[in-house]
Amino acid sequence: MASKNGPVLPQPGKENILITSALPYVNNVPHLGNIIGSVLSADVFARFCRARGLPTLYICGSDEYGTATETKALSEGVDPATLCAKYHALHKDVYDWFRISFDKFGRTPTDEHTGITQEIFAQLWKNGFIEERETTQAFCAVPEHNTFLADRYVEGECSICHDLGARGDQCDACGNLLDPIQPDKNAAGEDESKGTGWLINPRCKLDGSTPERRKTKHLYIRLDELNKEITAWLDKVENGWSANCVAITRSWINNGLKPRGITRDLKWGVPIPKGLEGLSEEEYANKVFYVWFDACIGYASITKCYTDEGNLEGRNWEKWWKNPDNVTLYQFMGKDNVPFHTIIFPGTQLGTKEKWTQVNHLSTTEYLNYEGGKFSKSKGVGVFGNNARDTGIDPDVWRYYLLSRRPESGDSEFKWEEFIDSNNNDLLKNLGNLCQRVVKFCQAKLDAKVPEYPKTPIASLDEYKEEINKLLKEYNEQVKGTKLRAGLATVLSISAVGNKLLQDNKLSNQLLTEEPERCNAVINLALNLLHLIAGVLTPYMPGTAQSILRQIGLKAAEGESDIPVVIPDTWTANALKAGEPIGTPELLFSQIPAAKLEEWREAYGGEELRKQKEIEAEKAAAKKLQREKEKEKKKAKKEKERLAKEQAAKEAAAAGGDAQPAAGETKELPLR
């Protein structure tokens, strides 16, 4: 969304807002949980900031490097670059349909990305925050392969649950993290492992051969050495973060930061730079950076592709990313991405000893579940980005529902019944009703022109203005604080005040005949309220907001597709002038038939979801039974211990009847 005057850049003396949403990994189609967790939430905030007149840049893109991409490409029979091009286009298409207003949706496999990543690494190496470690790793000795294997390229039997299809990084059957081969013991006799188990009878995913154990070197970032700097920085900024984000980050800190590997034996990734003193080029010739070292650097490299398009030597990107005194950074993501944005990337920035723009406000979400189960592309359970379009429901209705259920403080649930109800009641009967009544009445009864507001104010109407301004203040505070659900609820509250205005004043032909001045005042106020509603609704439902603006008579400037919007501090109710023509009424929303409920449920995972729920129910029942057995076992043990104590007491009492009292004791005589 670069302007005609060039890319958006920070402006001196203004509040400059830099926004990122977590880079989606491009080996699959995004589902609704992915969309609400990052890109949609960030889009709401970006649109809000623009409408508030703040210089705003919203950056995102596809995260394309790593083992998952290589293995997915292998399964589809294509090279990684071809696979990434396919899924990048698919993601972009989904986000375009959802009306996500990126300033730039880029990619990580670019010369800009390689250059910035290698620059950052070189600074870390120079400053002593990188160390080399020798590890034992799986090596495929088959001549056609002849390379060390990344974890996901090794498969075998899980040492914990003994599932035969486990991967070298994780067992999907039991959920435990694994090592591809049984780890070595360190000097203290402890396993040097990252997981809780390993693979039995490991085999190479590519050719089925048994890998050898060989020594190799990898590079690690010294988070332990950066602990003090990270903690000091965290103390300053965490007040601007959501509670779950702070809890996750503090857990890492409290457990102690440790060196973390940043290289992998892959071909698809950013290569390790050459020419650094003390770093063996030969040792790292066939290694690349681990995707989670360079993924967050993608925000900066994608910004460079936007601000310095085609100019590898350009440094405009630094006006956003190395300008902490004049730029405020907001980041949006799901909770599973938190440590990479609050520990690893900030640690990387601090380790360069350069003045980086670092995250000020971080908004994270919990999980969005689906109809009591979980989203699963492989099993066809849940609504994915392309499925939403297939329903024929306008993207703004999807945006509204997802944002109204945004999992801000706990997991939330997608339910078809609620989705239909939110359209038919929240939107159609509130916002849709207000717009239809006002615009149709003005068109039919007032010559389709904005009526004049009486020169003598009608006191009883002032209370509506006061109520609206109170709500507007709340709305601005809520959205600026990334309380997006609350902000959307406030939009509907503002609309509800509009409906109350019509109801209280009994808008009708009779009102027009008997009290024409009041009728004109009510319509004038209501039309101006629709103008305000279009503004505050724009971040959430931009297409609907544009429809409202057209209906009240506003038009886009020549060469522009959208009518500009402004979200003010105070509503003055005079944006529309008397005598100006309004537009043609349009239906904002249509009724969704109740029959769609079962149709959509069945189409998007009906049978599989039932199976999923049955499996979960069986697991829950088994756990409950196990708990009951353990409870009975403990109860029986306690009873056995109690009986044993009773028996011991009886025996002690019997033995004590003939015993002589100890020194200082008096033996109590029986009563006669």
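None of the values given here were measured: they were computed from a predicted structure.

## Observations concerning the sheet that holds strand E7 (residues 166–167)
Note on sheets: strands pair through backbone hydrogen bonds, and any given pair is parallel or antiparallel.
Reasoning step 1: The sheet built from four strands is open, its strands ordered E7-E6-E9-E8 with mixed pairing. Whereas interior strands pair on both sides, the edge strands pair on one side only; in this sheet they are E7 and strand E8 (178–179).
Reasoning step 2: Here E8 pairs with strand E9 (residues 197–204) via two bridges, running parallel. The residue of E9 that forms the bridge with Leu178 is Gly197.

## Observations regarding the packing of aromatic side chains
Both the distance between ring centres and the angle between the ring planes are used here to describe each pair of aromatic rings.
Reasoning step 1: A complete count under the given rule lists 32 aromatic pairs for this structure.
Reasoning step 2: In this structure an aromatic cluster arises from ring pairing among Tyr370, Phe375, Phe384, Trp398, Tyr401, Phe414, Trp416, Phe419, Trp600 and Tyr604.
Reasoning step 3: Note that Arg214 overlies the ring of Phe139, its terminal NZ or CZ placed 3.8 Å from the centroid.

## Remarks on a positive patch on the surface
Reasoning step 1: There is a patch of like positive charges on the surface, built from Lys374, Lys379, Lys619, Lys623, Lys624 and Arg627.
Reasoning step 2: When you line up the elements, Lys374 lands in the loop between strand E16 (368–370) and helix H11 (385–390).

## Here's the deal with the pairing of strand E4 (residues 130–140)
Reasoning step 1: As paired strands, E4 and strand E10 (residues 212–221) are joined by ten bridges and run antiparallel to one another. Of the residues in E10, the one forming a bridge with Arg133 is His218.
Reasoning step 2: For E4 and strand E5 (residues 147–148), the ladder comprises two bridges, and the chain directions are antiparallel. Among the inter-strand pairings, Cys140 is bridged to a residue of E5, identified as Thr147.
Reasoning step 3: Count of turn residues in the E4/E5 antiparallel hairpin: six residues, of which Asn146 carries a positive phi of about 50°.

## Notes on the pattern of salt bridges
Reasoning step 1: Taken as a whole, this structure holds 44 salt bridges when the rule is applied.
Reasoning step 2: Glu371 is the salt-bridge partner of Arg601, the closest N and O atoms lying 3.6 Å from each other. Residue Arg601 is found in helix H19 (residues 596–603), and its partner Glu371 is found in the loop between E16 and H11; the two are separated by 230 residues along the sequence.
Reasoning step 3: Residue Arg601 is classed as partly exposed on the basis of its relative accessible area, which comes to 25%.
Reasoning step 4: Look at Glu371 and you get buried, because its relative accessible area is 10%.

## Regarding the packing of helix H17 (residues 516–537) against helix H18 (residues 542–551)
If you want to describe how two helices pack, look at the angle between their axes and the distance between the axes.
Reasoning step 1: Where H17 contacts H18, the axes come no closer than 8 Å and their chain directions differ by 160°. Here H17 lies roughly antiparallel to H18, going by the angle between them. Between H17 and H18 lies a crossing of left-handed hand. The segment H17 lies against H18, with Leu530, His531, Ile533, Ala534 and Leu537 engaging Pro542, Thr544, Ala545, Ile548 and Leu549.
Reasoning step 2: Here the residues of the contact of H17 with H18 are counted per class, giving eight nonpolar, two polar and no charged.

## Remarks on the sheet that holds strand E1 (residues 16–21)
Reasoning step 1: Overall, parallel pairing links the five strands, which are arranged E3-E2-E1-E14-E15 in an open sheet. Strands at the two margins of the open sheet, each flanked by one partner only, are strand E3 (104–107) and strand E15 (359–365). In this sheet, adjacent strand axes meet at a mean angle of 20° when their direction is disregarded.
Reasoning step 2: Bridge count between E1 and strand E14 (residues 327–334): six bridges; the pairing is parallel. Looking at the pairing, Ile19 lines up with Tyr330 of E14.

## Quick notes on the environment of Asp93
Reasoning step 1: Relative to the elements of secondary structure, Asp93 occurs in helix H3 (residues 80–97).
Reasoning step 2: For Asp93, a relative accessible area of 37% corresponds to the partly exposed category.
Reasoning step 3: Distance in space between the C-alpha atoms of Asp93 and Cys140 is 39 Å, their sequence separation being 47 residues.

## Section: the UniProt feature "domain: Methionyl-tRNA synthetase anticodon-binding" (unreviewed entry) in the chain
Reasoning step 1: Under the local residue numbering, the UniProt record ascribes the feature "domain: Methionyl-tRNA synthetase anticodon-binding" (unreviewed entry) to residues 464–607.
Reasoning step 2: Within the segment residues 464–607, helix and strand shares are 60% and 0% respectively, and the terminal C-alpha atoms sit 51 Å apart.

## What about the environment of Thr307?
Reasoning step 1: Along the chain, Thr307 turns up in helix H8 (residues 297–307).
Reasoning step 2: Given a relative accessible area of 7%, Thr307 falls into the buried group.
Reasoning step 3: When the C-alpha positions of Thr307 and Trp320 are compared, they lie 9.5 Å apart, and in sequence the two are 13 residues distant.
Reasoning step 4: In this view, Thr307 contacts Pro7, Leu9, Asn316, Trp317 and Trp320; residues no more than four positions away in its chain are not counted.
Reasoning step 5: Of note is the side chain of Thr307, whose polar atom sits 3.2 Å from the backbone nitrogen of Trp317.

## Focus: helix H5 (residues 223–237)
Reasoning step 1: At Glu229, H5 shows its largest bend, some 35°.
Reasoning step 2: Looking only at H5, the buried set comprises Leu223, Leu226, Ile230, Thr231, Trp233, Leu234 and Val237.
Reasoning step 3: For H5, the elements touching its buried residues are E10, helix H6 (243–254), strand E11 (260–261), helix H10 (338–351) and E15.

## Side note on the pairing of E15
Reasoning step 1: The buried fraction of E15 is high, at five of seven residues.
Reasoning step 2: The sheet contact formed by E14 and E15 spans six bridges and is parallel. Along E15, the bridge assignment pairs Leu329 with Val359.
Reasoning step 3: Read from E14 through H10 to E15, the crossover connection turns out right-handed.

## Let's talk about unusual backbone geometry
Reasoning step 1: The residue Asp447 is not glycine, and still its phi comes out positive at about 60°.
Reasoning step 2: Residue position: Asp447 is located in the loop between helix H13 (416–445) and helix H14 (459–480).
Reasoning step 3: At Ala448, a position not held by glycine, the phi torsion is positive, near 55°.

Scoring rules and cut-offs
Residues numbered from 1 in each chain as written. Predicted model: local features only at pLDDT ≥ 70, side-chain atom pairs only at ≥ 80, totals over all residues. Heavy atoms only, no water. Pairing = 2+ DSSP bridges. Helix = DSSP H or I, 4+ residues; strand = E, 2+ residues; numbered from the N terminus. Phe/Tyr/Trp six-rings, centres within 6.5 Å; stacked < 30°, edge-to-face > 60°. Lys NZ or Arg CZ within 6 Å of the ring centre and 35° of its normal. Patch = residues over 30% accessible without salt bridge, like charges linked within 9 Å, V, L, I, M, F, W, Y side chains within 5 Å. Areas by Shrake-Rupley, 256 points an atom, 1.4 Å probe, with all protein chains shown as cover. Salt bridge = Lys/Arg side-chain N within 4 Å of Asp/Glu carboxyl O. Lys, Arg positive; Asp, Glu negative; His and termini not counted. Charge placed at Lys NZ, Arg CZ, Asp CG, Glu CD. Buried < 20%, exposed > 50% of the residue type's maximum accessible area, 1.4 Å probe, protein only. Axes fitted to C-alpha atoms, helices over the stretch in contact; angles between N-to-C directions. Parallel < 35°, antiparallel > 145°, perpendicular 65-115°, else oblique. Left-handed = near helix turned anticlockwise from the far one by under 90°. Contact = heavy atoms within 4.5 Å. Nonpolar A, V, L, I, M, F, W, Y, C, P; charged D, E, K, R; others polar. UniProt positions renumbered as here; feature names shortened; annotations may be inferred. Polar contact = N/O pair within 3.5 Å; in protein donor to acceptor, adjacent residues only side chain to side chain. Bend = angle between axes of the 7 residues up to and from the residue. Right-handed = clockwise from strand over helix to strand, strands pointing away.

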